[in-house]
Amino acid sequence: MPKFIIEREIPGAGNLTAADLQGVSAKSCSVLKNLGPQIQWVESYVTDDKIYCVYIAPSEELIRQHASEGGFPANRISQIKRMIDPTTAES
């Protein structure tokens, strides 16, 4: 199943409170539950003005549907082709 990184432009994202992030997370999980098991949220990274989310899904279209139903921006969606880490240098 393909894995994607979603870039969400959210001004002031880094200033969101724990309660704000809990609310966003709960909304996302609710939408995911309704969409079914073929789309999964792996993790997200919050920066000053963006949130980067990693999802597993069969298509970019399903990720866009999740964003639309949840009211989240999905400014850029990129399919992950490969992963590397420091151990890649040892191969």
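Located above this text is the structure these notes cover.
Keep in mind that this is a model prediction, so the values were computed, not measured.

Chemist: Where do I start with the nonpolar core in this structure?
Modeler: Nonpolar side chains in soluble globular proteins tend to be buried together. One finds Phe4, Ile6, Ile39, Tyr55, Ile63 and Ile77 to be the most contacted residues of the largest nonpolar core, which totals 16 residues. Counting residues per element, the ones that place at least two in this core are β1 (3-9), α1 (18-35), β3 (50-56) and α2 (60-70). The contacts of Ile39, once residues within four sequence positions are left out, are Leu32, Tyr55, Ile56, Ala57, Leu62, Ile63 and His66.

Chemist: I'm lost on α1 in this one. Help?
Modeler: An α-helical segment advances 3.6 residues per turn. Residues three or four places apart therefore align on the same side. Taking 1.5 Å of rise per residue, the 18 residues of α1 would be expected to cover 26 Å, and the 26 Å separating its terminal C-alpha atoms lies within 8% of that figure. Ser28, Val31, Leu32 and Leu35 are the residues of α1 that are buried. Mapping the buried residues of α1 onto a view down its axis gives an arc of 105°, with all of them on the same face. Summarising the geometry of α1, the exposed residues directed more than 90 degrees from the buried face are Ala18, Ala19, Gln22, Lys33 and Asn34. One or two positions beyond α1, positive phi appears at Gly36, with a value near 105°.

Chemist: Just to check I follow, could you spell out the layout of surface pockets for this structure?
Modeler: Taking a probe equal in size to a water molecule and rolling it over the atoms shows the remaining empty space. When its volume is computed, the largest pocket comes out at roughly 250 Å³. Around the largest pocket, the lining is made up of 17 residues, and of these Val24, Trp41, Ser44, Ile51 and Cys53 lie nearest the centre. Mapped by element, the contributors of at least two residues to the lining of the largest pocket are α1, β2 (40-46) and β3. Considering only residue class, the lining of the largest pocket consists of 11 nonpolar, 5 polar and 1 charged. In this structure, the second largest pocket occupies an estimated 160 Å³ of space. Lining the second largest pocket are Lys3, Ile5, Val42, Glu43, Tyr45, Tyr52, Cys53, Val54, Ile80 and Met83. Listing elements by their share of the lining of the second largest pocket, those giving two or more residues are β1, β2 and β3. Broken down by class, the residue content of the lining of the second largest pocket amounts to 8 nonpolar, no polar and 2 charged.

The rules behind the values
Residues numbered from 1 in each chain as written. Predicted model: local features only at pLDDT ≥ 70, side-chain atom pairs only at ≥ 80, totals over all residues. Heavy atoms only, no water. Core = buried A, V, L, I, M, F, W, Y, C linked by side-chain atoms within 4.5 Å. Buried < 20%, exposed > 50% of the residue type's maximum accessible area, 1.4 Å probe, protein only. Helix = DSSP H or I, 4+ residues; strand = E, 2+ residues; numbered from the N terminus. Contact = heavy atoms within 4.5 Å. Expected span 1.5 Å × (residues − 1). Arc of directions from axis to C-beta. 1 Å grid on protein atoms, 1.4 Å probe; cavity = no way out; pocket = protein on both sides within 12 Å on 5 of 7 lines; lining within 4 Å. Points joined across faces, edges and corners; volume = space filled by probe spheres on them. Nonpolar A, V, L, I, M, F, W, Y, C, P; charged D, E, K, R; others polar.

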